[in-house]
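Structural characterization, general
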Amino acid sequence: MYGWGIIKTLGMTLYHFLMTYVEDFRAWIGGIRKRTATSGQEEPSSGIFTIQYPNERRDLPENYRNLPFFVIDAKTSQLRCTACGICAQICPVQCIWIERAKEPETGRPRRYPVTYYLDISLCMSCGFCAEFCPFDAIKMDHDFEIAAYRRPGFVSAKDLAKPESYDAKIHPSDYVSKAQSQPEGQTGE
Ligand code: SF4
Ligand code: SF4
């Protein structure tokens, strides 16, 4: 029937509008003055809600991802990256540029990068680099407040580096399960 989809959509909108008051009433009965979606308060199950950003912020899910960051190993205080190059190969938009360090005398490759750049203007936040890195050296960040007047291009791994404690804070369950399964001494030395 013509117009049925529109009627259904308007009905859905009306339902959510009315549920706002029902949910507010329930929250009031339950001792919460107003439903919000900020940290530590009850998530609204239905109805319309407003977040007073930036004074209020929603808790992000652990799997949320924006740009990658590079983990500084807590034991060595160095980037964990071993310059294996898997992330550069797997990256669908090829926005990773990496060069492995070499022994000056023999030319033998060393297990750390001499240059590592990521073009964050191209990165599409797919998370493949973090998923495929065998050393947990690259992770997806939760920081989304990165607006700037100028679009940055290549950013070095050192500029995107964050300590292991930050990774543990934003990915608590992943961090614990990886720490339990990772063999000792698997670092970027
Ligand atoms: S970030 Fe991970 S996958 Fe990429 S080069 Fe370093 S160790 Fe290899
Ligand atoms: S998140 Fe995706 S697009 Fe961005 S650097 Fe990693 S693999 Fe490449």
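This text gives an overview of the structure that appears in the document.

Parameters at a glance
- Residues numbered from 1 in each chain as written.
- Chains lettered and ligands numbered in written order.
- Predicted model: local features only at pLDDT ≥ 70, side-chain atom pairs only at ≥ 80, totals over all residues.
- Heavy atoms only, no water.
- Phe/Tyr/Trp six-rings, centres within 6.5 Å; stacked < 30°, edge-to-face > 60°.
- Helix = DSSP H or I, 4+ residues; strand = E, 2+ residues; numbered from the N terminus.
- Buried < 20%, exposed > 50% of the residue type's maximum accessible area, 1.4 Å probe, protein only.
- Contact = heavy atoms within 4.5 Å.
- Near = heavy atom within 4 Å.
- Nonpolar A, V, L, I, M, F, W, Y, C, P; charged D, E, K, R; others polar.
- Pairing = 2+ DSSP bridges.
- Axes fitted to C-alpha atoms, helices over the stretch in contact; angles between N-to-C directions.
- Salt bridge = Lys/Arg side-chain N within 4 Å of Asp/Glu carboxyl O.

To continue, consider the packing of aromatic side chains. In total, this model carries 6 aromatic pairs according to the counting rule given. Where tyrosine 117 meets phenylalanine 154, the ring centres are 6.5 Å apart and the plane angle is 90°; that geometry is what we call edge-to-face. Note that tyrosine 117 is positioned in strand β3 (residues 109-119) and phenylalanine 154 in strand β5 (residues 154-156), a separation of 37 residues in sequence. According to the relative accessible area criterion, tyrosine 117 is partly exposed, its value standing at 33%. Owing to a relative accessible area of 53%, phenylalanine 154 belongs among the exposed residues under this scheme. Summarising the aromatic geometry, the rings of phenylalanine 128 and phenylalanine 132 are spaced 6.1 Å apart at their centres and angled 70° between planes, so their arrangement reads as edge-to-face. Of this pair, phenylalanine 128 and phenylalanine 132 both sit in helix α3 (residues 128-132), 4 residues apart, roughly one helical turn. Assessed through its relative accessible area of 41%, phenylalanine 132 is described here as partly exposed.

Turning next to the side chain of histidine 171. Along the polypeptide, histidine 171 turns up in the loop between α4 (164-170) and α5 (172-181). The residues contacting histidine 171, other than those within four sequence positions of it, are Glu62, Phe69, Lys139, Met140 and His142.

Turning to the site of ligand 1, a few remarks are in order. Around ligand 1 lies a shell of 14 residues, among which Cys81, Cys84, Gly85, Cys87 and Cys133 are the nearest. Among the residues making up the shell around ligand 1, the classes are represented as 12 nonpolar, 2 polar and no charged.

What follows is about the site of ligand 2. Around ligand 2 lies a shell of 13 residues, among which Cys91, Cys123, Cys126, Gly127 and Cys129 are the nearest. When the residues that make up the shell around ligand 2 are grouped by side-chain class, the tally is 11 nonpolar, 2 polar and no charged.

Across the sheet, 3 strands lie side by side as β2-β3-β5; this open sheet has antiparallel pairing. Since the sheet does not close on itself, it has two edges, and those belong to β2 (96-102) and β5, each with one partner. Going across the sheet, the axis of each strand differs from the next one's by a mean of 30°, ignoring polarity. Bridge count for β3 against β5 is 3 bridges, and the pairing is antiparallel. Note that in β5 the partner of aspartate 119 across the bridge is phenylalanine 154.

This part takes up the pattern of salt bridges. In total, this model carries 7 salt bridges according to the counting rule given. The salt bridge involving glutamate 145 is made with arginine 57; its shortest N-O contact spans 2.5 Å. Of this pair, glutamate 145 sits in the loop between β4 (138-140) and β5 while arginine 57 sits in the loop between α1 (4-29) and β1 (68-72); the two residues are 88 residues apart in sequence, bridging distant segments of the chain. Residue glutamate 145 is classed as partly exposed on the basis of its relative accessible area of 38%. Relative accessible area serves as the criterion here: at 38%, arginine 57 is assigned to the partly exposed category. A salt bridge links aspartate 174 to lysine 139; its shortest N-O distance comes to 3.3 Å.

This part covers the pairing of β1. Within β1, 4 of the 5 residues are buried, leaving the element largely enclosed by the surrounding structure. Where β1 and β4 come together, 3 bridges link them in antiparallel fashion. Across the sheet, residue phenylalanine 69 finds its bridge partner in β4, namely lysine 139. In terms of strand pairing, β1 meets strand β6 (residues 161-163) through 3 bridges, oriented parallel. Residue pairing across strands places phenylalanine 70 opposite alanine 161, the latter belonging to β6.

Treat this as a map of the structure, not an account of what it does.
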